[in-house]
Amino acid sequence: MFEEDFKEIVGGIDFNNRKEAAKKLLDNFNIKSGKISVKKIGANGYCRWGVKEEGVELLEYALDSGDLRDSRYKTKTLFHEFYHASLTETKFNQKTFRELGGKWSGELLNMEETMAETSGHYLARLSGVKGNIKPAYPEKLVKNLPRLKEIDNFKDCVDIEDFGKIFVDWRIKNKKHNHKYLYNKLKDIDFDIEEYSKKYKGYVLNNKDKIVDSIMENLSVSPGEREAIREEVFYRISRAWNKMNTDDHAFYDSLIVAMQKKGVEPI
């Protein structure tokens, strides 16, 4: 079983040394990387690929050396980037890339980040990370997870990890990227974000303090900045929901926390 094998692999990895942990994880799954870095970057992590006619080459796997979040979040990000890295083991190639637009943006990026983030949560849980971790890429998850539930593969998914398990089965276990499959399935599924958000509005308005606490966990900020930022986040959530402003990042940041707490509802 994949779960038992994975637990055995990560059981021998020290995740406090993130560079070595990333190297061991990639090595155990025979994923070759040109460079593994832990350095100051403008994101929590990234993978840099080269897409060629014969497939994908992983040029760099990077994590942020200045990440101030607690170890649970750093571990989740390590697995998120590991999932991106595993694209090299599939048949994704330049032809596929061109057919899906030829650049990492739009629906292609939406799908890839949704796969990686949900998989990061699932793999973090398998590795022994406890408790809920506030998801990254909230707008992508909010808009994609309910639509995914309209597809038979995902119709029984409730938790974010449920989606991640399926994506891990596809890519890590079976070496399939399935981008074209998802693109063709999702492109005709209508989704009204304002209508869908009503399922969670009561929870958000009644639990703003808890939601802000969750959002703050995923922010890499110094202790001296936290109180002012917390007040700003609370204000922006209140404003976004009072005005039903679906263009505000705070709207999605709070909504994905509610979806995580209550479960992902169908459209």
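Residues numbered from 1 in each chain as written. Predicted model: local features only at pLDDT ≥ 70, side-chain atom pairs only at ≥ 80, totals over all residues. Heavy atoms only, no water.

(A) Molecular detail of the side chain of K134. Residue position: K134 is located in the loop between α5 (106-126) and α6 (138-148). Owing to a relative accessible area of 3%, K134 belongs among the buried residues under this scheme. For K134, the side chain forms a polar contact with the side chain of D253, separated by 2.2 Å. Beyond its immediate stretch of four places on either side in the chain, K134 contacts Y73, H121, S214, I215, N218, D253, I256, V257 and Q260. (Helix = DSSP H or I, 4+ residues; strand = E, 2+ residues; numbered from the N terminus. Buried < 20%, exposed > 50% of the residue type's maximum accessible area, 1.4 Å probe, protein only. Polar contact = N/O pair within 3.5 Å; in protein donor to acceptor, adjacent residues only side chain to side chain. Contact = heavy atoms within 4.5 Å.)

(B) Examining the nonpolar core more closely. Residues Y61 and F154 are the most contacted members of the largest nonpolar core, which totals 78 residues. If we ignore the near neighbours within four places in the chain, the residues touching F154 are L148, K149, F163, I166, F167, W170 and L182. (Core = buried A, V, L, I, M, F, W, Y, C linked by side-chain atoms within 4.5 Å.)

(C) View of helix α1 (residues 2-11). Buried within α1 we find F2, E3, F6 and V10. Buried residues of α1, viewed axially, fall in a sector of 90 degrees; they line one side. In α1, the exposed positions angled more than 90 degrees off the buried face are occupied by E8 and G11. On its buried face, α1 is in contact with α2 (18-28), α3 (71-85), α5 and α7 (160-173). (Arc of directions from axis to C-beta.)

(D) Local environment of the environment of H177. Here H177 is to be found in the loop between α7 and α8 (179-186). Between the C-alpha atom of H177 and that of T90, which follows or precedes it by 87 residues, the distance is 5.9 Å. For H177, the residues in contact, after removing those within four places along its chain, are L87, T90, K91, F92, T96 and M115.

(E) Here's a closer look at the pattern of salt bridges. For the structure shown, the criterion picks out 26 salt bridges. As a salt-bridge pair, K23 and D27 come within 2.9 Å of each other at their nearest N and O atoms. Pair noted here: K23 and D27 are both in helix α2, with a separation of 4 residues, about one helical turn. Relative accessible area serves as the criterion here: at 43%, D27 is assigned to the partly exposed category. Among the ionic pairs, R48 bridges to E60, the shortest N-O distance being 3.4 Å. (Salt bridge = Lys/Arg side-chain N within 4 Å of Asp/Glu carboxyl O.)

Nothing here speaks to function; it is all geometry.
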